[in-house]
Amino acid sequence: MTHRLLFALIVLIAAPLVLLGWGSSSLLRHQREAAQQQLTSVLQSRLLEIDQSLAEVLAGHARRISEKLDRPGNPIRNFEDLTRHDPVVRQCFFANAKGVIVYPPKPVADDPEAIAIYAALPAIIASNPDLETGERSRSIDETSSKKQQMRSESAASKSASKPTATTIRWQVWYMDEGSQLILWLLKSNGDSIGVLLERARWVSELIAALPDAKSVAVPGAREPSGPQRQSDSFSCTSLVDEAGQLVYRWGSDLETTDDPIATVPLSPPLSSWQLQYNNATPLVAHSGSLATILSISGLAVMLLALGTYVMSSVQRQMHVARSRVSFAGQVSHELRTPLTNIRLYAELAESDLQSVPEGHTRESIERRLSVIDSESRRLGRLVSGVLEMVRDERNVHALSRKPTDVDEVIDQTLAQFAPRFDTLGIEVQRDARVAERLSVDPDVLEMVLVNLLSNVEKYAAKGKFVRVASWRDGDELVVTVADRGPGIPRRYHRKIFRPFFRLDDSIHAPSGTGIGLAIAKLAAQRHSGRLSIANADVGTEFELRVAVDVSRSGSTGA
């Protein structure tokens with residue numbers, strides 16, 4: 001196997017394998033991404049279910065506190081009872097429609113927590129956008145605190161005597177160790193009741209409402225078994241506050257630092273908190289990877305076998321082609337000697353014929369000797385063409401350019417075919433438009449024309465017509481040979497110039513070797529020209545373009 005064939009075999013196998021590997025990796029990547037997206041969506045839905053259970057905890061506190069504060073009686077007593085007996089309530093406060101803080105009273109100096117809450121009340125009330133009362137009071141006159149407390153109790157008693165509609169709102173206030181929840185009961189008369197919840201209490205109740213399972217169940221995920229179940233399956237779910245601090249985590253890998261796979265923010269008022277799912281175990285099963293590798297390996301073996309078969313077939317065809325070319329070359333070499341003898345004895349016979357008296361017999365012999373000479377010359381040109389085709393490019397004869405009357409060469413070549421064309425009834429139309437002598441190799445030009453006209457004789461005789469035109473187009477000589485035969489389908493326009501290619505290779509087809517057009521094309525190329533099929537409505541038209549040496553060309557009279 002030659003280096004080129006080996007390289008072609010490698011490319012034939014490697015290119016599909018590279019494309020197959022790239023396509024397989026892309027497919028696996030897309031499958032993993034799609035599976036990951038689907039899994040993330042499932043995890044988020046599960047986390048949303050957990051979020052709903054946490055939201056129910058806060059909603060339950062809101063309903064319970066609202067019911068207790070809406071009980072008839074003195075509101076101040078309700079505030080005090082609620083603060084004293086409900087562990088989730090840290091402090092209650094009441095502001096009238098004018099923003100005046102009615103409750104709680106100013107705390108005593110020995111209660112730092114109550115003082116801190118009391119000092120923050122004006123800012124809490126002012127920062128709540130749901131409270132549409134007027135300008136919020138931000139300070140309380142310390143010298144009239146007792147008198148104010150008495151007025152507050154009186155105002156609270158009056159507002160409690162009138163039934164009003166209540167709207168519940170949540171507010172988040174950042175104080176002490178983190179976010180604090182404030183439940184607002186907004187009355188239709190403009191009064192506002194706020195309840196500050198005990199952070200430690202409601203956080204513990206949220207944790208208690210979390211699922212009892214070790215981690216969020218993932219449908220469709222591969223469950224490890226045996227030792228892998230204990231050591232390789234690491235997953236956990238985390239509840240994180242607004243500062244990114246861990247509030248609670250449950251699952252099998254409580255020390256994980258990986259980025260979460262799925263994240264869901266909690267419902268208001270804790271929208272700054274998040275539920276996160278972490279998993280260190282591959283969630284998408286890779287059982288298909290082995291099958292993919294085996295499939296690629298199998299395809300690689302098939303491609304290798306196919307490439308070997310194709311290369312073997314190509315080698316066999318090349319061997320056959322070389323054998324045919326070699327045989328044609330050997331036969332052509334062997335034919336040269338008998339052809340030379342035939343022409344020699346034909347010339348001797350013509351000389352001896354001069355001694356024969358004039359008459360019918362002499363004319364008949366002269367006519368037959370002329371046919372022998374013409375056909376032997378024709379066979380000689382064919383042999384020369386075959387030898388030119390099979391000869392190594394390094395041993396090709398150099399062109400013999402000389403000022404030539406191109407139209408005369410074409411006319412002489414047509415004259416060689418005139419007897420046969422007359423017999424077949426083929427009309428010859430000549431269009432000669434070369435008005436000067438051009439520097440070309442007349443032998444190469446004749447070789448191309450002989451093969452083209454020979455094809456007309458063999459395959460286009462039924463058209464009864466051939467047109468040969470010649471003209472100069474810039475630095476090129478253009479010669480066309482057109483017939484009205486059956487034509488050549490467009491799909492064969494390239495193949496007909498291949499050696500030994502025939503459109504019809506049946507026993508009923510005209511005799512031929514399939515090398516005439518190959519010889520003509522090779523001759524044109526060696527003359528820095530080209531031979532091609534031109535577009536024709538009827539039949540076939542060949543166009544020969546040959547580069548001419550303008551500097552060595554002369555006028556017709558030269």
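See the structure printed just above.
As a convention, each chain's residues are numbered from 1 in the sequence order in which they are written. Only residues with pLDDT of at least 70 are given local features in this predicted model, and only at 80 or more are side-chain atom pairs given and counted; all residues enter the totals for whole chains, interfaces and linings. Hydrogens and water molecules were not included; the side-chain quantities draw on all heavy atoms of the structure.

> Is there a simple way to explain unusual backbone geometry in this structure?
Leaving glycine aside, a negative phi is the common case for residues, and trans is the common case for peptide bonds. Omega for the peptide link from Tyr-103 to Pro-104 comes to 10 degrees, which places this bond in the cis form. Topologically, Pro-104 is positioned in the loop between strand S2 (101-103) and helix H3 (112-127). With omega at 15 degrees, the peptide bond leading from Pro-268 into Pro-269 counts as cis. What counts as a helix is a DSSP run of H or I of at least four residues, what counts as a strand is a run of E of at least two, and both are numbered from the N terminus. Looking at where Pro-269 falls in the secondary structure, it is placed in the loop between strand S8 (262-265) and strand S9 (274-279).

> I keep staring at the sheet that holds strand S15 (residues 530-534) and nothing clicks. Help me out?
With mixed pairing, five strands are arranged side by side in an open sheet as S11-S13-S14-S16-S15. Here the strands that pair on one side only, and so sit at the sheet edges, are strand S11 (427-432) and S15. The sheet shows a mean angle of 15 degrees between the axes of neighbouring strands, taken without regard to direction. Both strand S13 (residues 465-473) and strand S14 (residues 476-483) contribute to a ladder of eight bridges, which runs antiparallel. Pairing between strands is defined by DSSP: at least two bridges between them are needed. In this analysis an axis means a line fitted to C-alpha atoms, helices contributing only their contacting stretch, and an angle means the value between N-to-C directions, from 0 to 180 degrees.

> Which parts of the structure should I look at to understand the pairing of strand S4 (residues 178-187)?
Working note: regular strand, side chains alternate between the two faces of the sheet. Burial classes: relative accessible area under 20% of the type maximum marks a residue as buried, over 50% as exposed, and values in between as partly exposed (1.4 Å probe, protein chains only). With ten of ten residues buried, S4 lies mostly within the body of the structure. Bridge count between strand S3 (residues 166-175) and S4: ten bridges; the pairing is antiparallel. Considered in S4, the bridge of Ile-168 is made with Leu-185. Pairing geometry for S4 and strand S5 (residues 192-197), over five bridges, is antiparallel. Among the inter-strand pairings, Leu-183 is bridged to a residue of S5, identified as Val-195. Hairpin connection from S4 to S5: four residues lie between these consecutive antiparallel strands, with Gly-190 at a positive phi of about 100 degrees.

> How should I be thinking about the pattern of salt bridges in this particular structure?
One speaks of a salt bridge when a side-chain nitrogen belonging to Lys or Arg is within 4 Å of a carboxyl oxygen belonging to Asp or Glu. For the structure shown, the criterion picks out 16 salt bridges. In this structure, the salt-bridge partner of Arg-420 is Glu-457, at a minimum N-O distance of 3.2 Å. Residue Arg-420 is located in helix H9 (residues 406-424), and its partner Glu-457 is located in helix H10 (residues 442-459); the two are separated by 37 residues in the primary sequence. For Arg-420, a relative accessible area of 40% translates into the label partly exposed.

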